[in-house]
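Given next are the chains, with one letter for each unit.
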2 protein chains.
Amino acid sequence: MTIRAIERAMNVLQELNQQPINTIAQLHARTKLPKPTLVRILRTLEEAGYVENDTRQGGYQVSALVTSLSSGFHKGPLVVEAGRAWAIAITRKHKWPVAIALPDYDDMIIRFSTVPDSLISPFHSTVNKRLCMLTRAMGLAYLAFLDGEDRNVMIDILQKSDNPENALSHHRDKLLRLLNEVRSNGYATRSSTVEPRNSDTIAVPIIAKSGRVLASLGLTYFKAAFGSEQEARDRYVPILKSAAVAISEDLNRLSSSVAIDVSSADPSAISND
Amino acid sequence: MTIRAIERAMNVLQELNQQPINTIAQLHARTKLPKPTLVRILRTLEEAGYVENDTRQGGYQVSALVTSLSSGFHKGPLVVEAGRAWAIAITRKHKWPVAIALPDYDDMIIRFSTVPDSLISPFHSTVNKRLCMLTRAMGLAYLAFLDGEDRNVMIDILQKSDNPENALSHHRDKLLRLLNEVRSNGYATRSSTVEPRNSDTIAVPIIAKSGRVLASLGLTYFKAAFGSEQEARDRYVPILKSAAVAISEDLNRLSSSVAIDVSSADPSAISND
DNA sequence: CTCTATCGTTTCGCGAGCCGGAATGGCTTG
DNA sequence: CAAGCCATTCCGGCTCGCGAAACGATAGAG
């Protein structure tokens with residue numbers, strides 16, 4: 001037996017994180033919860049400080065306090081931590097959302113995204129979303145820059161997948177041609193055969209100084225905002241590439257300049273002030 | 001009328017973020033909730049994926065999914081985003097917790113902390129905790145590096161405070177001597193007149209290329225782990241100073257190398273893949 | 001080995017308090 | 001000025017969360 005009210009509240013909090021501003025009506029449509037229930041949940045979250053009710057804008061939004069709900073979790077890969085600031089900076093400057101994805105078995109998983117920052121989105125849940133490796137920009141950018149050996153292992157795994165989006169793994173020559181093209185371009189884009197058609201993603205790999213491919217960094221834009229896809233690529237590819245290099249440099253500095261080793265006693269009880 | 005079950009669940013989630021591993025008994029002691037209630041709440045959070053029950057260790061901990069409860073919130077200052085990776089790297093390397101604090105009126109507020117990462121702590125809620133400006137390392141490191149004009153304004157504000165920890169603001173000469181000492185040392189430590197006595201914090205300012213003092217970066221350690229406080233300072237001050245410089249450089253790069261401006265259409269609906 | 005203390009978890013009947021359809025009132029729109 | 005949409009409030013009904021007590025497992029002491 002689980003507590004329904006809590007499940008509902010968590011779902012509401014999730015939805016609130018999808019958009020900068022949320023009306024009761026939107027939340028009602030997305031969560032299927034009765035409006036009075038929503039109002040009660042939101043009031044509870046508001047009094048606890050996690051949510052703000054901006055009456056001028058007529059909507060609810062998450063407040064700074066939500067960060068403390070995950071302040072105890074920093075187990076993510078350092079590349080995500082190093083990349084967040086860059087992703088945020090790019091979105092602030094260029095408006096379009098940026099995401100960082102890491103490989104997980106035969107998919108990529110989005111580990112950080114600025115989607116909720118900049119826009120009203122019909123899509124949900126971009127963080128922790130799985131992306132297919134062979135049709136999505138983030139996947140191709142990762143796969144194309146793997147070394148021959150690693151790449152072959154990966155393709156073998158993909159062939160065992162029953163996801164129709166991985167069909168290309170059975171046409172090895174065609175796939176390799178695509179990967180080589182991505183590699184020589186230095187970036188990948190989403191396959192035109194998959195949804196959504198009204199947007200495109202440009203992705204580049206984040207490669208450690210050691211040469212290991214760690215993650216991919218992608219920017220998504222609305223096709224309608226540009227005269228051609230080439231125009232968008234000309235503009236954003238250099239930005240993404242230099243950001244990826246910068247993230248890699250940060251990682252390098254992070255592990256080296258902090259590297260005065262201390263092997264002394266284990267800390268056990270402490271507070272930060 | 002608010003929903004009690006939700007308030008309780010949020011409190012439990014907060015407590016779970018304070019320690020890497022939490023037993024029912026600990027949570028019971030801290031939240032004052034009956035154990036069956038805790039079990040029910042934890043089961044609910046577990047089924048929703050926010051909490052893991054590591055039966056081997058016999059305790060509950062937050063899982064990666066909690067990050068999605070705040071994935072929509074990136075409105076914080078960029079200096080926090082730029083600093084997180086460095087704070088995490090230092091803690092991973094040197095074990096002791098590191099925090100970033102920003103000024104807020106006459107206090108500092110901790111905006112990021114690695115406290116929950118490394119240890120079992122009797123202290124709670126370090127993120128969003130307010131620190132007094134004149135007795136805490138993070139406050140002194142900030143105040144001492146303000147320019148004369150800004151600093152005077154700040155001291156005037158502090159004199160209006162009724163917080164006994166700000167008493168020093170009424171002894172301007174004594175305070176200025178202390179601030180000058182901090183400034184020439186390049187770091188501050190917590191006043192020995194305030195709790196907790198068994199630990200100390202070393203803090204340095206994070207100063208933008210423009211010269212503006214943005215935040216402070218502090219490391220807290222147990223006094224018992226070192227022969228003398230000087231020993232700890234000799235070891236960690238250089239690390240903190242170089243990290244503060246690195247954060248400042250990152251900020252500079254973040255705003256410059258991304259600076260190809262785009263003034264085109266507003267994005268409105270998009271997903272990241 | 002047994003006894004005991006303490007842990008996490010389950011049980012179960014009571015009743016507080018959450019639920020949601022319907023009503024309210026404000027605000028915009030045609 | 002009516003009509004539609006919105007967020008919010010009301011209130012009777014009845015679920016469903018509550019927590020004292022019991023349970024089973026584990027660890028340490030004697």
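Keep in mind it's a predicted model, so treat the numbers as computed, not measured.

1. Observations regarding the protein's contact with DNA strand D
Phase 1: If you check the shell around DNA strand D, you find 18 residues, and the closest are Arg4, Ile24 and Tyr60 of chain A together with Arg4 and Thr37 of chain B.
Phase 2: Between a phosphate oxygen of DNA strand D and a side-chain N or O atom of Tyr60 of chain A, the distance comes to 2.6 Å.
Phase 3: A distance of 3.1 Å separates a phosphate oxygen of DNA strand D from a polar atom in the side chain of Arg8 of chain B.
Phase 4: Elements with a minimum of two residues in the surface near DNA strand D: helix H2 (24-31) and helix H3 (35-47) of chain A together with helix H1 (4-16) and helix H3 (35-48) of chain B.
Phase 5: The residue makeup of the surface near DNA strand D, split by class, is eight nonpolar, four polar and six charged.

2. Considerations on the relation of the copies chain A and chain B
Phase 1: Placing chain A over chain B gives an RMSD of 0.1 Å and needs a rotation angle of 180 degrees, together with 0.0 Å of translation along the axis. Overall, the copies show the geometry of a two-fold rotation axis. When C-alpha distances to the rotation axis are compared across chain A, the minimum falls at Ile6 of chain A, with a value of 2.6 Å.
Phase 2: Mapped onto chain B, 100% of the interface residues of chain A are again interface residues, and the two copies thus contact each other with one and the same surface.

3. Topic: the domain arrangement of chain A
Phase 1: Examined at the domain level, chain A breaks down into domain 1 (4-69) and domain 2 (78-256).
Phase 2: Computed over C-alpha atoms only, the centres of domain 1 of chain A and domain 2 of chain A are separated by 31 Å.

4. Things to note about the sheet that holds strand S4 (residues 107-113) of chain B
All names here are of chain B.
Phase 1: Here six strands make up an open sheet; going across it, the order is S5-S4-S3-S8-S7-S6 and the pairing antiparallel. With partners counted over all chains shown, the strands left at the sheet margins are strand S5 (130-132) and strand S6 (188-189), one partner each.
Phase 2: Relative to S5, S4 runs antiparallel, the two sharing three bridges. Of the residues in S5, the one forming a bridge with Met108 is Leu131.
Phase 3: On top of the sheet, helix H4 (residues 78-94) reaches strand S3 (98-104), S4, strand S7 (199-207) and strand S8 (213-222); it is set at about 155 degrees to S3, its chief contact.

5. Observations regarding the sheet that holds strand S4 (residues 107-113) of chain A
Residues and elements named next belong to chain A.
Phase 1: The strand order S5-S4-S3-S8-S7-S6 describes an open sheet built from six strands, whose pairing is antiparallel. With partners counted over all chains shown, the strands left at the sheet margins are strand S5 (130-132) and strand S6 (188-189), one partner each.
Phase 2: Sheet topology places strand S3 (residues 98-104) next to S4; six bridges connect them, and they run antiparallel. Note on S4: the bridge partner recorded for Pro103 is Met108.
Phase 3: Contacting S3, S4, strand S7 (199-207) and strand S8 (213-222), helix H4 (residues 78-94) crosses the sheet at an angle of about 150 degrees to S3.
Phase 4: Sitting on the sheet, helix H9 (residues 229-256) is in contact with S6, S7 and S8, with an inclination near 30 degrees to S7.

Quick notes on the rules
Residues numbered from 1 in each chain as written. Chains lettered and ligands numbered in written order. Predicted model: local features only at pLDDT ≥ 70, side-chain atom pairs only at ≥ 80, totals over all residues. Heavy atoms only, no water. Near = heavy atom within 4 Å. Polar contact = N/O pair within 3.5 Å; in protein donor to acceptor, adjacent residues only side chain to side chain. Helix = DSSP H or I, 4+ residues; strand = E, 2+ residues; numbered from the N terminus. Nonpolar A, V, L, I, M, F, W, Y, C, P; charged D, E, K, R; others polar. Least-squares fit on C-alpha atoms with pLDDT ≥ 70 in both. Contact = heavy atoms within 4.5 Å. Domains from an automatic or database assignment. Pairing = 2+ DSSP bridges. Axes fitted to C-alpha atoms, helices over the stretch in contact; angles between N-to-C directions.

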